[in-house]
Amino acid sequence: MPPGPTLIAGGGLAGLACSRELRGPSILVEASDRLGGLVRTDETEGFLFDWTGHWLHLRDPGIRALVEERWLKDNLLVVARRARIYSESRWTDFPYQHNLRGLPPETIRDCLVGYVQATLGEEGRALRERPLRNAAEFIERHLGPGFARHFLTPYNEKLYCVPCEELSPEWGGRFIPRPSLDEVVRGALGLPQSAAGYNAVFVYPREGGIESLSRALAKEATSEVRLGTRLVALDLPRRRARLSSGEEIAYRALVFTAPLSAVAPLVEAGAGPQPIVEAARKLRSVSVTTVEIGADESGGERFHWAYFPEPRYRFYRIGSPSEVNPRLAPRGARSFAVEFAHRGPVDAAALVENAVAALCELGLAERSGIRFARARTIPVAYVLFDAEHAAARDEVLAGLRKHDVVAAGRYGRWEYSSMEDALLSGREAARALSG
Ligand SMILES: Cc1cc2nc3c(=O)[nH]c(=O)nc-3n(C[C@H](O)[C@H](O)[C@H](O)COP(=O)(O)OP(=O)(O)OC[C@H]3O[C@@H](n4cnc5c(N)ncnc54)[C@H](O)[C@@H]3O)c2cc1C
């Protein structure tokens, strides 16, 4: 590798985890005015809002130890999930697949019969015996037409803003619970069963919102940090990066945690092989606008977050951060984060009104008790796993690797993954570069 510092583009969890492990000189450039990426928290009128709910589900023992014994040591809450679903004018438990009880009998029948036919019956044989082509087939194969119609299809189409036929079968990965027949039947009858899904128990900071995590991690970063500085052009063959400050950096290696789709304009503004640019142009994503609402306590359903599959609600999920940790709202108040997915621009004021009206209709808040409501957009929030995704992503990653660029994190690797995954990915990038 040529001489020079390692350059890290992006100071989210992946960039920070990389920085704390890297040996040798490194420079971290972060477009925003503070570190943490999406793992950040803003305070307004005594309410703390993460950039929409960020709950830590820990699977890796090493990361768990770092979180529990170091980063959030005396600042840790352990929380048992209370997630709900609202459909057919009633509240049921999440995951839908494990909790049919409480739904109309006809819906329960559709889901049960469809599940048995898909997983065991003659009706599902064809899909069981050939490779699945898309998410619609995945849902049909593993859960059946009832679960598809009543929850998974409308929910995913609202979240990804495309038909499930356009999503690849890998779109949901480990995040889609796939119950056994026993679990489906237990859920329908309301018999006890262990909590299902990837996030049945999670941890969260006692104070300071999720940004406490990125702040703790930032203290361990070893790089020279440039805030408010964007990477604006990449000359891949010469291993040079131009920054928004006008500075040019000759790097030894680049750790790229910004969205992989941004490789196209960056290389176009600099230099590099055209196939990388063309592949990067194929990468599509979904934006999320969250309406953050601070409201007087007014009763109604209690949940940490709730899913809304039906098209009559424009949003796909409502979080209630103050239910997870009451310190996130002033006494006597409750907070909500209403999440809308979209591709392309939206009318933020219309979404704010839509969210407030829905909270009132659902009995979660009263209009006179709304203290504030405002919208915040994450332009690249969910990677779209369409037919082009896997090949285009692999081509960009492999092309970058040839030029000593290692991509890391949820958006650098262009995947659907968690905070823990971003930490692991940043660490892995550092280790790969440190040999
Ligand atoms: C709606 C939503 C809800 C989520 N909820 C959860 C949850 O409950 N639990 C969980 O574990 N995970 C959750 N996640 C996932 C989690 O946010 C990510 O996995 C994690 O934050 C990714 O970290 P990162 O460092 O890879 O990316 P980021 O946090 O996006 O960091 C990348 C950084 O790069 C910077 N950057 C971009 N372009 C440039 C440039 N040109 N030059 C310099 N800097 C640049 C950005 O400003 C940003 O700071 C959620 C994500 C979303 C979208």
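Just so it is clear, the model here is predicted, and its values are computed rather than measured.

Section: the site of the ligand
The immediate surroundings of the ligand are formed by 36 residues, with Gly10, Gly12, Gly37, Gly409 and Ser418 found nearest. Broken down by secondary-structure element, the contributors of at least two residues to the shell around the ligand are helix H1 (13-21), strand E18 (370-383), helix H14 (409-412) and helix H15 (419-433). Of the residues in the shell around the ligand, the class split is 18 nonpolar, 14 polar and four charged. No fewer than three residues from each of domain 1 (6-41 + 206-281 + 389-433) and domain 3 (285-383) sit in the shell around the ligand.

Here we look at the domain arrangement of the chain
We note that the domain assignment places domain 1 (6-41 + 206-281 + 389-433), domain 2 (96-189) and domain 3 (285-383) within the chain. Each of domain 2 and domain 3 has a C-alpha centre, and the two are 27 Å apart. At the junction of the two partners, domain 2 supplies seven residues and domain 3 supplies 10 residues. Split into classes, the residues belonging to the side of domain 2 that touches domain 3 amount to six nonpolar, no polar and one charged.

What to know about the sheet that holds strand E11 (residues 240-243)
Strand pairing in a sheet relies on backbone hydrogen bonds, with the paired strands running either antiparallel or parallel. The three strands lie next to each other as E10-E11-E12, forming an open sheet whose pairing is antiparallel. Only two strands of the sheet have a single partner each, and these edge strands are strand E10 (231-235) and strand E12 (248-250). Each strand axis lies, on average, 20 degrees off the axis of its neighbour in the sheet, ignoring direction. Here E10 pairs with E11 via four bridges, running antiparallel. If you follow Asp235 over to E11, its bridge partner there is Arg240.

Regarding the sheet that holds strand E19 (residues 405-407)
Pairing within the open sheet is parallel, and its five strands lie in the order E9-E2-E1-E13-E19. The two strands at the open ends of the sheet, each matched to only one other strand, are strand E9 (224-226) and E19. Here the average twist between neighbouring strands, direction ignored, is 20 degrees. As judged from the four bridges shared by strand E1 (residues 6-9) and strand E2 (residues 26-29), these two strands associate in the parallel manner. Along E2, the bridge assignment pairs Leu7 with Ile27. Contacts between helix H13 (residues 389-402) and the sheet are confined to strand E13 (253-256) and E19, with E19 contributing the most and set at about 145 degrees to the helix. Against the sheet, H15 makes contact with E1, E13 and E19, and its axis sits at roughly 155 degrees relative to E19, the strand it touches most.

Scoring rules and cut-offs
Residues numbered from 1 in each chain as written. Predicted model: local features only at pLDDT ≥ 70, side-chain atom pairs only at ≥ 80, totals over all residues. Near = placed C-beta within 6 Å. Helix = DSSP H or I, 4+ residues; strand = E, 2+ residues; numbered from the N terminus. Nonpolar A, V, L, I, M, F, W, Y, C, P; charged D, E, K, R; others polar. Domains from an automatic or database assignment. Contact = placed C-beta atoms within 7 Å. Pairing = 2+ DSSP bridges. Axes fitted to C-alpha atoms, helices over the stretch in contact; angles between N-to-C directions.

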